[in-house]
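The residues making up each chain are set out below.
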Amino acid sequence: MWLAAAAPSLARRLLFLGPPPPPLLLLLLSRSSRRRRRRLHSLGLAAMPEKRPFERLPADVSPINYSLCLKPDLLDFTFEGKLEAAAQVRQATNQIVMNCADIDIITASYVPEGDEEIHATGFNYQNEDEKVTLSFPSTLQPGTGTLKIDFVGELNDKMKGFYRSKYTTPSGEVRYAAVTQFEATDARRAFPCWDEPAIKATFDISLVVPKDRVALSNMNVIDRKPYPDDENVVEVKFARTPVMSTYLVAFVVGEYDFVETRSKDGVCVRVYTPVGKAEQGKFALEVAAKTLPFYKDYFNVPYPLPKIDLIAIADFAAGAMENWGLVTYRETALLIDSKNSCSSSRQWVALVVGHELAHQWFGNLVTMEWWTHLWLNEGFASWIEYLCVDHCFPEYDIWTQFVSADYTRAQELDALDNSHPIEVSVGHPSEVDEIFDAISYSKGASVIRMLHDYIGDTDFKKGMNMYLTKFQQKNAATGEDCPQWMVPITISTSEDPNHAKLKILMDKPEMDVVLKNVKPDQWVKLNLGTVGFYRTQYSSAMLESLLPGIRDLSLPPVDRLGLQNDLFSLARAGIISTVEVLKVMEAFVNEPNYTVWSDLSCNLGILSTLLSHTDFYEEIQEFVKDVFSPIGERLGWDPKPGEGHLDALLRGLVLGKLGKAGHKATLEEARRRFKDHVEGKQILSADLRSPVYLTVLKHGDGTTLDIMIKLHKQADMQEEKNRIERVLGATLSPELIQKVLTFALSEEVRPQDTVSVIGGVAGGSKHGRKAAWKFIKDNWEELYNRYQGGFLISRLIKLSVEGFAVDKMAGEVKAFFESHPAPSAERTIQQCCENILLNAAWLKRDAESIHQYLLQRKASPPTV
C-alpha cells in the first residue's frame, strides 16, 4: 500500500576527528540522548503505552476456499452476503472463531463432508477484538466441510472495509460506488473471515449488481447472468483466485470507462477512470504495460494472473492499494491530463504504479507471515518502485530524488527516541496502522538500497528469484537471529569524486581507518552516493575543505545533498551550530540540481517554521530570497528550448519559494499571471499553478481567497482541486484562516483531503498553527469518527502539532490525547510531543546566534 524485535537502528552518527591528510579517525557513536530522555520523562512522554492484550485466531479450523456472494444496495448503503467456505477442522471443537466487525450474522451452519448440517446455536461477538465465536450444539470432528453464513452489513463512509464512494456524473448527478479497502484488517467488515495474512485460501467471488454498473474483482469475469428476482440486476461471477490473503481481496461496483492494452507477456492491462475521462488513464496504462514485463524479467517469475486492472476511486484514504489483480488508487495517483497535469503528478503516478505492481509479486505472491513483518512488503516495494521508474523514465534522475524523498525522511523520524526498528512487534489491530510510516517504508527501502549497492545487482536478482520461488503462495518472516548491523562505509576524495578510494565493512562499534595518499589540498568525503544509512559529522577543517566542491560542483549532486542534510540534522540535534549550516547553504549559489534544491528548500522551510516563533522571522525570509534569487533569475518563468522534466520541477520549486518569501519581482509577476489566468487571457501552465497560487494567497486578501475557492469549485480534475487545497492555508488573516478551516470540513472537500487543508493551515503561519490546533480540538469528535483506526488520523495530528516550539505545548498535546484517546495514533502523538520539545530546545539553544548572524549578514552582505 502507498500513502519494522528487529536489528538495532541504523541511524547512527559518524564522527570525524582531525583534518586531512591522514591518518583519519573514524568513530561510530550510538545515539546519546540522556538529557533529552530526562526531559521526556519529566512530561511522561518517553515510553509508549502498554500494548493491548491480543490473541491471534485459534488454528483448529482454517479455510480452504471462500465462495462469497455479495449484493450491495447503492441507495440504502447496505449489503447482503452469503458465504460458503470450504474449511478444514484440524482439531475437534464445538466452536469456530473468526474475524467479524460491523456485520450482523443472520444464520450460520457447518456441513461436515458426507454428513448432516449442524446449525450454530449462538454468535458471540467480541467487538473489541473484532471477532465472532460461532457455537455449535455438537462437536465438529476433524476433517473437511462447508461453513455457511448469511449476513448483512453497511456500506460505510469510513473509507475502509466495504464502503461507499461519492462521485458526480457528467450530468451533475451525485451517485455512489461500492468499493473496498481491506489492508490491514478490514476484510472482516465485508464478510466473516480468517482475516490474518498467513491464513490463505482461494476465493470464488460473485457480485449481484445493477445491470448498468461495472463490477470488478481480483479475477476475470467468467459469467454474467440475469438475477432471478429483479430484471434490473445481474449476477457477475469471477474466476477462482490463486491462494491468497484476505487483505488482498477486492471488489468494485460503479460507473467507469477504461483504456486497455496487453503487455508484451500477454497480460490484459486496463485502467478504469471516471466516466468521460478515459484519456486520463493512458499515461498510467503505458507505465503499467512497461512495468509488468520489467518485474517479470527482474524476478524471473511470471505475473501469475490473466489480467491486471488499475482503477481510480473518488473517496480513498491511502495513495493506492495493491489488491491482487485489481489495484485501487486515489484519482490523483492514477489520472493524468495532458494539459492540466504537472510534471510532479506524472512522476507521482509513475512511482505509485511501480510500487503497487511490485506488490503483485512481493506481498501478494509471497506474503508477510504477520504485520510485524510489514517492512518486507513495503520496504521492498518502496525501493523497487524507483528501479522501475528509472527503467521507464531515465530522464527523471529518480535515484537522486530517492535520497531527498525517502532516505532523509526516514533518518529524520529515526533520530527520535520514539522511533521504532524496521521490524516491530504488532498484536492488536489498532497497532497495525501505527507502523505504516517512514520507518517501514522509507527506512526499509533505504536499507535494501544499501544492501543492493553492497552485494551488486546480479546477486541481488538471484536472491529475489530464490526468495519468490521458495515462498510463492506462502508466507515469509524475518530470521530470528538479530545480530548487530554491519554497515558498509565508503570514502571518496577530490582525486576521483565518483569512485570510492576506500571501502570497508564496519562490523564493530568503533573502527580506526587510515586513508593513504591523500594530498593536503584534497577533500575527503564519507558515504559516497549517500547510500549508507548513517549520519556523518566532519571536523571544521574537513568541512571547510569540502565547500569548494559544493561551489564548483565537483562533489556529485547526491553527495552535495547528503552533506547539507547531515549538517542540518546535526544542528537540529544540537551537535553543531545552526549558523554553520547557514554558511554552508550559501555555498550552493551555483547549484543546478533540482533534488539538491528540493532538500535545501525543505530544510529552510523547517527552519522558517521554527523561527516563526521569534520576532526576526522576516530576516530568515531575506536569507531565503538571497539564496534562491540567483537560480530564480537563471531559470525565469517560461520553459526554454531543450529543457525537460527536472527543469520544470526546479522552476516550480524556486518560484514558489521566492514568492512565499515575498520576493518583490516574483510576487508582481505571479499576480499578473494569476489575473490573466482568472480572466481567461492566458491559462497558467500546470507546472506554474502551485507556485502562483501559493504566492498570491500568501500576500493576498479575502478577494484572492474567494477567487481560489471559486476555481476549486469549477475544477473538473481532482489534481487541480488538491493543488488548490494544499495552498489555501498560506493566507495570513485570522478571519480568512478560519474560513479555510471551515471549508476543510465542507462537502466541497473530499474526506481524505480535509487532512491536507488543515495541515496546510498549520504549516502556513504561527497563527495558522494555533488556529488549526484549536479547530482540531473543537471538532475532534467529527474528525475522529471520520478517520479513526486509519493512518489519516496520525497524519492529521502530525501535520497539525509538530511545528510548535514551546515546552508547555507538548504537555497540552499529551493531556488532550489522554482524555481523547486515538489508539492507532499513539506512537505518532509520542513522536509529535518529542519533536515539540526538540524544537523548543533548538530555539533556546540557537535563536540568538542565528539572529546575530542574519543581522551581520544584512550589514555586510557576502560576496559570491
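As the structure is a prediction and not an experimental result, all values here were calculated from the model.

### Topic: the overall build of the chain
1) Next: Looking only at helices and strands, the chain features 25 helices and 28 strands.
2) Next: Against the compact-globule benchmark of 29 Å for 864 residues, the chain has a radius of gyration of 28 Å, which places it among compact chains.
3) Next: Projecting the C-alpha coordinates of the chain onto the three principal axes gives extents of approximately 90 × 65 × 55 Å.
4) Next: When the 864 residues of the chain are sorted by exposure, 61% land in the buried category.
5) Next: For the chain, the computed accessible surface area is about 34,000 Å², with 51% contributed by carbon and sulfur atoms.

### Here's the deal with the environment of Asn-839
1) Next: Position of Asn-839 relative to the elements: it lies in helix α25 (residues 826-859).
2) Next: In this structure Asn-839 comes out as buried when scored by relative accessible area, which is 9%.
3) Next: Separated by 640 residues in the primary sequence, Asn-839 and Ile-199 have C-alpha atoms spaced 45 Å apart.
4) Next: Apart from the residues lying within four places of it in its own chain, the contact partners of Asn-839 are Leu-610, Glu-802, Gly-803, Phe-804 and Ala-805.

### A look at helix α3 (residues 343-359)
1) Next: With 17 residues, α3 should reach 24 Å at 1.5 Å per residue; the first-to-last C-alpha distance of 25 Å fits that figure.
2) Next: By the criterion of burial, α3 is predominantly enclosed, with 14 of the 17 residues buried.

### Considering the sheet that holds strand β27 (residues 524-526)
1) Next: Across the sheet, which stays open at both edges, the 3 strands sit in the order β26-β25-β27 with antiparallel pairing between neighbours. For this open sheet the edge positions go to β26 (502-506) and β27, each flanked by a neighbour on one side alone. Each strand axis lies, on average, 20° off the axis of its neighbour in the sheet, ignoring direction.
2) Next: With 5 bridges connecting them, strand β25 (residues 487-493) and β26 associate as antiparallel partners. Considered in β26, the bridge of Ile-491 is made with Leu-502.

### Observations concerning the nonpolar core
1) Next: One finds Leu-147, Phe-191, Trp-194, Phe-251, Phe-299, Val-353 and Trp-371 to be the most contacted residues of the largest nonpolar core, which totals 285 residues.
2) Next: Excluding its chain neighbours within four sequence positions, the residues that come into contact with Val-353 are Ala-284, Val-287, Ala-288, Leu-310, Tyr-329 and Leu-334.

### Some points on the pattern of salt bridges
1) Next: Under the criterion given, the structure shown has 51 salt bridges.
2) Next: Where Lys-675 meets Glu-679, a salt bridge forms, and the shortest distance between an N and an O atom there is 3.0 Å. Of the two residues, Lys-675 and Glu-679 are both situated in helix α15 (residues 664-679); the distance of 4 residues between them amounts to about one turn of the helix.

### Let's talk about the packing of helix α13 (residues 617-635) against α25
The geometry of a pair of packed helices is captured by two quantities: the angle between their axes and the separation between those axes.
1) Next: At a closest axis distance of 10 Å, the pairing of α13 and α25 adopts a crossing angle of 55°. Overall, the two elements α13 and α25 adopt an arrangement that is oblique. Remark: the crossing between α13 and α25 carries left-handed chirality. Contacts between α13 and α25 involve Glu-619, Ile-620, Phe-623 and Asp-626 from the former and His-851, Tyr-853, Leu-854, Leu-855, Arg-857 and Lys-858 from the latter.
2) Next: When grouped by side-chain class, the residues that make up the contact of α13 with α25 number 5 nonpolar, 1 polar and 4 charged.

### Let's talk about the state of the cysteines
In protein structure, a disulfide is the covalent linkage between the sulfur atoms of two cysteines.
1) Next: For the structure on display, the rule yields 0 disulfides.
2) Next: Here Cys-342 stays unpaired: no disulfide links it, and the sulfur of Cys-602, its closest cysteine neighbor, is 18 Å away.
3) Next: Of all cysteine sulfurs in the structure, the one in Cys-832 sits closest to Cys-833, which takes part in no disulfide; the separation is 7.0 Å.

### With respect to the packing of aromatic side chains
1) Next: The final tally for this structure, using the stated rule, is 42 aromatic pairs.
2) Next: Plain terms: the ring middles of Tyr-295 and Trp-361 are 5.8 Å apart, the flat faces sit at 70° to each other, and that makes the pair edge-to-face. With a gap of 66 residues between them, Tyr-295 in helix α2 (residues 282-299) and Trp-361 in the loop between α3 and β23 (366-368) connect regions that are remote in the sequence. Like Tyr-295, the residue Trp-361 is buried in the burial classification.
3) Next: Ring centres of Phe-816 and Phe-817 lie 5.1 Å apart, and the angle between their planes is 85°; this geometry places the pair in the edge-to-face category.
4) Next: In this structure Phe-817 comes out as buried when scored by relative accessible area, which is 7%.
5) Next: The cationic tip of Arg-270 hangs over the ring face of Phe-258; the distance from NZ or CZ to the ring centre is 4.0 Å.

### Looking at the packing of helix α10 (residues 557-572) against helix α11 (residues 578-585)
1) Next: Two numbers describe how α10 lies on α11: the axes approach to 8 Å, and their chain directions differ by 160°. Judged on the interaxial angle alone, α11 and α10 are roughly antiparallel. The interaxial crossing formed by α10 with α11 has left-handed handedness. Contact with α10, carried on its side by Gln-564, Leu-567, Phe-568 and Ala-571, involves Thr-578, Val-581, Val-584 and Met-585 of α11 and no other residues of that element.
2) Next: The residue makeup of the contact of α10 with α11, split by class, is 6 nonpolar, 2 polar and no charged.

### A closer look at the pairing of strand β4 (residues 78-89)
1) Next: Alternating positions in β4 separate cleanly, Phe-79, Gly-81, Leu-83, Ala-85, Ala-87 and Val-89 being buried on one face and Thr-78, Glu-80, Lys-82, Glu-84, Ala-86 and Gln-88 remaining unburied on the opposite face.
2) Next: Bridge count between strand β3 (residues 61-73) and β4: 12 bridges; the pairing is antiparallel. Residue Ser-67 lies in a different strand from β4, and its bridge partner there is Glu-84.
3) Next: Relative to strand β10 (residues 143-154), β4 is paired through 12 bridges, and the arrangement is antiparallel. Bridge assignment links Leu-83 to a residue of β10, and that residue is Ile-149.

### Some remarks on a nonpolar patch on the surface
1) Next: Together, Leu-451, Tyr-454 and Ile-455 make up an exposed nonpolar region whose accessible area comes to about 290 Å².
2) Next: With respect to the helices and strands, the residue Tyr-454 is situated in helix α7 (residues 439-455).
3) Next: For Tyr-454, a relative accessible area of 48% corresponds to the partly exposed category.

### A word on the environment of Thr-828
1) Next: By the element assignment, Thr-828 lies in helix α25.
2) Next: Residues Thr-828 and Arg-795, spaced 33 residues apart in sequence, show a C-alpha to C-alpha distance of 8.3 Å.

### Describing the side chain of Asn-603
1) Next: Residue position: Asn-603 is located in helix α12 (residues 594-611).
2) Next: Judged by its relative accessible area of 4%, Asn-603 falls in the buried class.
3) Next: For Asn-603, the side chain forms a polar contact with the side chain of Gln-564, separated by 2.7 Å.

### A look at the confidence of the model for the chain
1) Next: Per-residue pLDDT for the chain has a mean of 91; in total, 93% of the residues score no lower than 70.
2) Next: Note on residues 3-43: pLDDT under 50 across the span, and 134 contacts to partners over four residues away in sequence or across chains.

### Focus: the sheet that holds strand β13 (residues 202-210)
1) Next: Spatially, β7-β6-β10-β4-β3-β13-β16-β15 is the arrangement adopted by the 8 strands of the open sheet, whose pairing is mixed. What marks the edges here is a single partner per strand, and that holds for β7 (118-119) and β15 (221-227).

### Side note on the pairing of strand β8 (residues 122-126)
1) Next: Bridge count for β8 against strand β9 (residues 131-140) is 5 bridges, and the pairing is antiparallel. Note that in β9 the partner of Asn-124 across the bridge is Thr-133.
2) Next: With antiparallel pairing between neighbouring strands as the criterion, β8 and β9 make up a hairpin whose turn holds 4 residues, including Glu-130 at a positive phi of roughly 55°.

### Quick notes on helix α19 (residues 734-744)
1) Next: Among the residues of α19, Leu-736, Ile-737, Val-740, Leu-741, Phe-743 and Ala-744 are the ones counted as buried. Angular distribution of buried residues about the axis of α19 spans 160°; they occupy a single face of the element. Exposed and oriented more than 90 degrees from the buried face of α19 are Glu-735 and Thr-742.
2) Next: Lining the buried residues of α19 we find α17 (702-714), α20 (754-764) and α21 (766-778).

### So, unusual backbone geometry
1) Next: Residue Ala-184 follows Glu-183 across a cis peptide bond; omega there is 10°.
2) Next: Note on placement: Ala-184 falls in the loop between β12 (174-181) and β13.
3) Next: In this model, Phe-77 sits at a positive phi of 60°, which is unusual for a non-glycine residue.
4) Next: Inspection of the secondary structure puts Phe-77 in the loop between β3 and β4.

About the criteria used
- Numbering of residues starts from 1 in each chain and follows the order in which that chain's sequence is written.
- Given that the model is predicted, a residue must reach a pLDDT of at least 70 before its local features are reported, and side-chain atom pairs must reach 80 or more before they are shown or counted; all residues, however, enter totals for whole chains, interfaces and linings.
- Hydrogen atoms and water are omitted, and side-chain values are computed over all heavy atoms in the structure.
- Every helix listed is a DSSP run of H or I at least four residues long, and every strand listed is a run of E at least two residues long, numbered separately from the N terminus.
- Each radius of gyration reported is based on C-alpha atoms, and the globular scaling rule is 2.2 Å times the count of residues to the power 0.38.
- With a 1.4 Å probe rolled over the protein chains alone, any residue whose accessible area is under 20% of its type maximum counts as buried; one over 50% counts as exposed, and the rest are partly exposed.
- Residue-level accessible areas treat just the shown protein chains as cover; the underlying method is Shrake-Rupley with a 1.4 Å probe.
- Here a residue-residue contact requires only that any non-hydrogen atoms of the pair lie within 4.5 Å.
- Multiplying one less than the number of residues by 1.5 Å gives the expected span of a helix.
- Two strands make a pair as long as DSSP finds a minimum of two bridges between them.
- Simply put, an axis is a line fit to the C-alpha atoms, just over the touching stretch for a helix, and the angle between two N-to-C directions goes from 0 to 180 degrees.
- Take the buried residues of types Ala, Val, Leu, Ile, Met, Phe, Trp, Tyr and Cys, join any two whose side-chain atoms come within 4.5 Å, and each joined set is a nonpolar core.
- Criterion for a salt bridge: a side-chain nitrogen of Lys or Arg within 4 Å of a carboxyl oxygen of Asp or Glu.
- Our angle categories are set so that under 35 degrees counts as roughly parallel, over 145 as roughly antiparallel, 65 to 115 as roughly perpendicular, and the remainder as oblique.
- The hand of a helix crossing depends on one turn: near helix anticlockwise from the far one by less than a right angle means left-handed, and clockwise means right-handed.
- For this classification, the nonpolar set comprises Ala, Val, Leu, Ile, Met, Phe, Trp, Tyr, Cys and Pro, the charged set comprises Asp, Glu, Lys and Arg, and every other residue, Gly included, is treated as polar.
- Cysteine sulfur atoms are paired as a disulfide whenever they fall within 2.5 Å.
- Within 6.5 Å between ring centres, the rings of Phe, Tyr and Trp (the latter by its six-membered ring) count as paired, and their orientation is classed by plane angle as stacked under 30 degrees, edge-to-face over 60, tilted in between.
- In this analysis the charged atom, NZ for Lys or CZ for Arg, is taken to sit over a ring once it is within 6 Å of the ring centre and within 35 degrees of the ring normal.
- To count toward a patch, a residue needs a relative accessible area over 30% and no salt bridge; like charges are then connected within 9 Å, while nonpolar side chains (Val, Leu, Ile, Met, Phe, Trp, Tyr) are connected within 5 Å.
- Polar contacts, as counted here, are pairs of nitrogen or oxygen atoms within 3.5 Å of one another; within protein the pair requires one atom able to donate a hydrogen and one able to accept it, and residues that are adjacent in sequence qualify only if both atoms are side-chain atoms.
- Confidence scores here are pLDDT values: one per residue, from the predictor, ranging 0 to 100.
- Of all possible arcs, the one meant is that of the directions from the helix axis to the C-beta atoms.

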